[in-house]
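Results of the structural survey
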Amino acid sequence: MRGNTSFGGLGNSSFASLAPAPASADEAEPWVRGELIRSLMRASRGSYIFSAALMPAMAALSWGYLPTWQLVVWLMLGVASTLGRMWFERVYTRRYAGRDAGAQERFIHRYRYLWSASALTWGLSILIYFERAPLVNQFMSWLIVAGAATFPLNSLALHPPLLKRYVNTLFGTMVASVLLRIVELNFAQLHFNYGFLLLPLFHWWLLLRAGRRIHETARNSFELLFHNHILINSLTQQRQAAVSAVAMKNRFLASAAHDMRQPVLALSLYADWLRNEPELVQEIAPKIVRATHAVNALFDSLFDLARIDSGQVRLHIERVDVGQLLHDLELQYRPVAEAKGLRFKVRVTPGTVLTDPIRVRRMLGNLLSNAIKYTAEGGVLLSSRQTRDGLRVELWDTGIGIAREHLRDVFLEFYKVADHAGTSDGFGLGLAIVARLSHALGHPVSVRSRLGRGSVFRVALHDADEAQAQTRISGAVG
């Protein structure tokens, strides 16, 4: 037979929460690191443009106080480092901006020397003005270098390794350049007191400390943003689930009202008929009984579903003789099958299983009832067999079959396959109850069917654990 569908946990699928599990720190960390680097790259353009704009001002302050070729060399270093940063940003935007945090970090690590080159350029600027230009020009040059060191702080702090590399290279080069100039001057003719030279060291420490604070603040903000996104998605999915549940319950009630209307209307018509023609009581009474049974059957099925979905069913797990269970079902359903002219066969492989005898009987009874209802000729086979995974009960029929596209839907409430003979007098609840009990007891149900040739339903009777089964059936409430 063609068409195979498994329904190991279908009974709870319609009511399971769609909300994702809360995001863990491990899930948040890669996203946060990636966003920090993206923010770094967005902000870095302003820093190198600012740096490039300050270089001509620095050169103008020292113009005429040292050989021109030294200024030109320094400016060329600055232009080269700026162009390198521009190229780097372009490559990142085209190839790495949308990639994961690991790829972005490896890319930045590969080209970290571009920031070192920029820091080195500004550190070497000490050589073109320190104790060369007039005192006012030196003071203004010191301010420019301090600005070049401080302005990139907000962006570089987003990636601490890059901040440390930039700051350490800048101030290390500055200190080395100052010492070199002092040695050249033989420790004489200094306009500044030696104590003033402690200011760059203090500035160095201050930038590293401020960078740590900025990084912590930015990281906390992105972590909060990440969890807010998760929460919003969770609430959106829960809202969609709630809307779907309301729509499903509305369809459920509409279908129940529709299916109830027919037998109730029949009861009303039979009652009017009997009132007008009491002498026909022998003919009408059985019809009233059948209509009453139909209403009761619908109510019984609705109450069963309600009890299961509300977690009010109390399971009682015990050792059940599967052979005896199948023979009991044979006694109940053989007369029904033979009344339709169908063959009813039973093949039993001895064995036992831990399960709830009442609920598993209801599962198999619903499957047998469906098999008989939708089989016009041929027969029904009820069998059990031993497999590698334990006992399995199979119900074969030669009925109308189910098309592959309908296999999963037949386990939904009030679902009836259109244009199938025999579906008009059912309620579409039998297989829904089977699915619920299958999930609760841990007895997976699978079905194979071929349209016009028949179907086979298989129930794997794994030993059930009472506590776990009760937890699963209580979990249907959520």
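Located above this text is the structure these notes cover.
Residues numbered from 1 in each chain as written. Predicted model: local features only at pLDDT ≥ 70, side-chain atom pairs only at ≥ 80, totals over all residues. Heavy atoms only, no water.

So, the overall build of the protein
Applicable threshold: Elements are defined by DSSP. Helices are runs of H or I of four residues or more, strands are runs of E of two residues or more, and each kind is numbered from the N terminus. Computed with the Shrake-Rupley method and a 1.4 Å probe, the accessible areas treat only the protein chains shown as cover for residues.
What the protein contains, in helices and strands, is 15 helices and eight strands. When the accessible surface of the protein is totalled, it reaches about 25,100 Å², and 59% of it is carbon and sulfur.

What about the pattern of salt bridges?
Selection criterion: Just to be clear on terms, a salt bridge is a Lys or Arg side-chain nitrogen sitting within 4 Å of an Asp or Glu carboxyl oxygen. Three labels apply to residues, based on accessible area from a 1.4 Å probe with only protein chains included: buried if under 20% of the type maximum, exposed if over 50%, partly exposed otherwise in between.
Enumeration over the complete set of coordinates arrives at 13 salt bridges. One salt bridge connects Arg-219 with Glu-29, and the closest N-O pair in it is separated by 2.8 Å. Placement of the pair is Arg-219 in helix H10 (residues 198-276) and Glu-29 in helix H2 (residues 25-62), with a sequence separation of 190 residues. Overall, Arg-219 belongs to the buried group, its relative accessible area being 18%. We note a salt bridge from Arg-181 to Glu-184, for which the minimum N-O separation is 2.6 Å. In this pair, Arg-181 and Glu-184 are both assigned in helix H9 (residues 160-184), three residues apart and thus about one turn of the helix distant. Exposure remark for Arg-181: the relative accessible area of 5% places this residue in the buried category.

Thoughts on the environment of Trp-63
Going by this rule: Between two residues, a contact is recorded if the distance between any of their heavy atoms is within 4.5 Å.
Within the secondary structure layout, Trp-63 lies in the loop between H2 and helix H3 (68-95). Trp-63 gets classed as exposed once you look at its relative accessible area, which sits at 53%. Sequence separation of Trp-63 and Ile-128 is 65 residues, and the distance between their C-alpha atoms is 9.1 Å. Residue contacts for Trp-63: discarding those within four places in its chain leaves Thr-68 and Leu-71.

As for the packing of H3 against helix H4 (residues 101-110)
For clarity, the cut-off: Here, axes are lines fitted to C-alpha atoms. For helices the fit covers the stretch in contact, and angles between N-to-C directions go from 0 to 180 degrees. Note on terminology: angles under 35 degrees are roughly parallel, angles over 145 are roughly antiparallel, angles of 65 to 115 are roughly perpendicular, and the others are oblique. When the near helix sits turned anticlockwise from the far one by under a right angle, the crossing is termed left-handed; a clockwise turn instead gives a right-handed crossing. Three residue categories are used. Nonpolar comprises Ala, Val, Leu, Ile, Met, Phe, Trp, Tyr, Cys and Pro, charged comprises Asp, Glu, Lys and Arg, and polar comprises the others, including Gly.
Following both chains from N to C, one finds H3 and H4 inclined at 160 degrees, their axes separated by 12 Å at the closest point. As far as their axial angle goes, H4 and H3 are roughly antiparallel. Pair H3 / H4 crosses with right-handed handedness. Residues Phe-88, Val-91 and Tyr-92 of H3 touch H4, and the partners they reach there are Gln-104, Phe-107 and Ile-108. The residue inventory of the contact of H3 with H4, partitioned by class, reads five nonpolar, one polar and no charged.

Points about the environment of Ala-133
Within the element layout of this structure, Ala-133 appears in the loop between helix H6 (126-129) and helix H7 (135-150). Look at Ala-133 and you get buried, because its relative accessible area is 5%. The spatial distance from the C-alpha of Ala-133 to the C-alpha of Leu-66 is 8.3 Å, given a sequence separation of 67 residues. What Ala-133 contacts, discounting residues up to four positions off in sequence, is Leu-61, Tyr-65 and Gln-138.

So, the packing of aromatic side chains
The description of an aromatic ring pair rests on the distance of the ring centres and on the angle between the ring planes. Just so we agree on the cut-off: Any pair of Phe, Tyr and Trp rings, taking the six-membered ring for Trp, is counted once the centres come within 6.5 Å. Such a pair is stacked with planes under 30 degrees apart, edge-to-face with planes over 60 apart, and tilted for the rest.
Taken as a whole and judged by the stated rule, the model has 16 aromatic pairs. Between Phe-88 and Phe-107 the ring centres are 4.8 Å apart and the planes differ by 10 degrees, which places this aromatic pair in the stacked class. Of this pair, Phe-88 sits in helix H3 while Phe-107 sits in helix H4, placing them 19 residues apart in sequence. Relative accessible area serves as the criterion here: at 1%, Phe-88 is assigned to the buried category. On the basis of an interplanar angle of 15 degrees and a centroid distance of 5.9 Å, the ring pair of Phe-171 and Trp-204 is categorised as stacked. Residue Phe-171 is located in helix H9, and its partner Trp-204 is located in helix H10; the two are separated by 33 residues in the primary sequence. Aromatic rings pair up to connect Trp-87, Phe-88, Tyr-92, Tyr-96, Phe-107, Tyr-111, Tyr-113 and Trp-115 into one cluster.

Observations concerning helix H14 (residues 430-441)
Operational definition: In this analysis, the expected span of each helix is defined as 1.5 Å times one less than the number of residues it contains.
Counted at 1.5 Å a residue, the expected span for H14 with its 12 residues is 16 Å, and the 17 Å between its end C-alpha atoms agrees. Of all 12 residues making up H14, 11 are buried, and the element is well covered by its neighbours. All of the buried residues along H14 are Leu-431, Ala-432, Ile-433, Val-434, Ala-435, Arg-436, Leu-437, Ser-438, His-439, Ala-440 and Leu-441. Phi for Gly-442, located one or two positions after H14, is positive at around 75 degrees.

Topic: the pairing of strand S5 (residues 379-387)
Here is the key point about a regular strand: its side chains alternate between the two faces of the sheet. Note the threshold: Only strands that DSSP links by at least two bridges are regarded as paired with each other.
Pairing geometry for strand S3 (residues 343-347) and S5, over five bridges, is parallel. Considered in S5, the bridge of Phe-344 is made with Val-380. For S5 and strand S6 (residues 390-397), the ladder comprises eight bridges, and the chain directions are antiparallel. Following the sheet pairing, Thr-387 is matched in S6 by Gly-390. Counted along the chain from S5 to the antiparallel partner S6, the turn is two residues long.

Some details on the nonpolar core
How we decide: Here, nonpolar core refers to any group of buried Ala, Val, Leu, Ile, Met, Phe, Trp, Tyr and Cys residues whose side-chain atoms link them within 4.5 Å.
The biggest cluster of nonpolar side chains holds 51 residues, and the ones touching the most others in it are Met-58, Phe-88, Trp-122, Tyr-129, Phe-130, Tyr-166 and Leu-170. Not counting chain neighbours up to four residues away, the residues in contact with Trp-122 comprise Ser-51, Leu-54, Met-55, Met-58, Trp-74, Ile-144, Val-145, Ala-148, Tyr-166 and Leu-170. Counting residues in hydrophobic clusters, the runner-up holds 40 residues, among them Ile-372, Ala-435, Leu-437 and Phe-457.

What about unusual backbone geometry?
Positive phi is not limited to glycine here, since Glu-131 has a value of about 60 degrees. Along the chain, Glu-131 falls in the loop between H6 and H7.

Observations regarding a positive patch on the surface
In plain terms, the rule: Residues form patches when they are more than 30% accessible in relative terms and have no salt bridge. Like charges link within 9 Å. Nonpolar side chains (Val, Leu, Ile, Met, Phe, Trp, Tyr) link within 5 Å. A positive count includes Lys and Arg, and a negative count includes Asp and Glu. His and the chain ends are not counted in either. We put the charge of a Lys on NZ, of an Arg on CZ, of an Asp on CG and of a Glu on CD.
Where like charges cluster on the molecular surface, the positive patch consists of Lys-164, Arg-209, Arg-212 and Arg-213. Considering every element that reaches the positive patch, the biggest residue donor is H10, with three residues. With respect to the helices, strands and loops of the structure, Arg-213 is situated in helix H10.

Digging into a nonpolar patch on the surface
Together, Val-136, Phe-139, Met-140 and Leu-143 make up a nonpolar patch on the protein surface, roughly 400 Å² of accessible area in all. For Leu-143, the position within the fold is in helix H7.

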